[in-house]
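Coordinates in review
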Amino acid sequence: MALQFTVVRRKDMRKNAAADSKLFYGQTKASMKMDFDKFCEAVGDYCTASSADVKAVLDATNPFLRSRQPA
């Protein structure tokens, strides 16, 4: 499947770029939407983990990352 791109103008994120400078970036078009349960099921079908295992890991990700943030 080929990827489709759009061109968007955004802030220049390079080092030493002027504060108001902008660049054109390629952005992929992604219109497929999937709810959380369907996503977990799809990942579970792809590997040896069950959808419940995938859901448990994803549910634990945000609190884990928040607890690891520097103060």
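Residues numbered from 1 in each chain as written. Predicted model: local features only at pLDDT ≥ 70, side-chain atom pairs only at ≥ 80, totals over all residues. Heavy atoms only, no water.

1. Examining the overall build of the chain
Secondary structure summary: the chain contains 2 helices and 2 strands in total. Secondary structure of the chain in N-to-C order comes out as β-β-α-α. Here the chain has a C-alpha radius of gyration of 19 Å; the compact-globule value for 71 residues is 11 Å, and the former is much larger. Each principal axis of the C-alpha distribution contributes one length, and for the chain these read about 50 × 45 × 20 Å. Sequence-distant contacts, at least 24 apart, represent 8% of the contacts inside the chain between residues at least 6 apart. Accessible surface for the chain amounts to roughly 6700 Å². Of this, 56% is attributable to carbon and sulfur atoms. Between the mean site of the 12 positive side-chain charges and the mean site of the 8 negative ones, the chain shows a separation of 14 Å. (Helix = DSSP H or I, 4+ residues; strand = E, 2+ residues; numbered from the N terminus. Rg over C-alpha atoms; globule rule 2.2 N^0.38 Å. Contact = heavy atoms within 4.5 Å. Areas by Shrake-Rupley, 256 points an atom, 1.4 Å probe, with all protein chains shown as cover. Lys, Arg positive; Asp, Glu negative; His and termini not counted. Charge placed at Lys NZ, Arg CZ, Asp CG, Glu CD.)

2. What to know about the pattern of salt bridges
On inspection of all chains with the given rule, the structure shows 2 salt bridges. Between Asp 37 and Lys 55 there is a salt bridge, with its nearest N and O atoms 2.8 Å apart. Within this pair, whereas Asp 37 is found in helix 1 (residues 36-46), its partner Lys 55 is found in helix 2 (residues 51-67), the two being separated by 18 residues in sequence. The class of Lys 55 is partly exposed, set by a relative accessible area of 28%. (Salt bridge = Lys/Arg side-chain N within 4 Å of Asp/Glu carboxyl O. Buried < 20%, exposed > 50% of the residue type's maximum accessible area, 1.4 Å probe, protein only.)

3. Comments concerning helix 2
A rise of 1.5 Å per residue sets the reference length of helix 2, with its 17 residues, at 24 Å; its end C-alpha atoms lie 25 Å apart and thus fit the reference within 8%. Where helix 2 bends most, the angle comes to about 30 degrees, and this point is Thr 61, followed within four residues by the proline Pro 63. (Expected span 1.5 Å × (residues − 1). Bend = angle between axes of the 7 residues up to and from the residue.)

4. Some points on the side chain of Ser 21
Checked against the element boundaries, Ser 21 lands in the loop between strand 1 (5-11) and strand 2 (22-28). Of note is the side chain of Ser 21, whose polar atom sits 2.9 Å from the backbone oxygen of Ala 18. Leave out the neighbours within four places in its chain, and Ser 21 touches Lys 11 and Asp 12. (Polar contact = N/O pair within 3.5 Å; in protein donor to acceptor, adjacent residues only side chain to side chain.)

5. Considering the confidence of the model for the chain
Mean pLDDT over the chain works out to 86, with 97% of the residues at or above the 70 mark. The element-level mean pLDDT for the chain is lowest in helix 2, coming to 88, with strand 1 highest at 91. (pLDDT = per-residue confidence, 0-100.)

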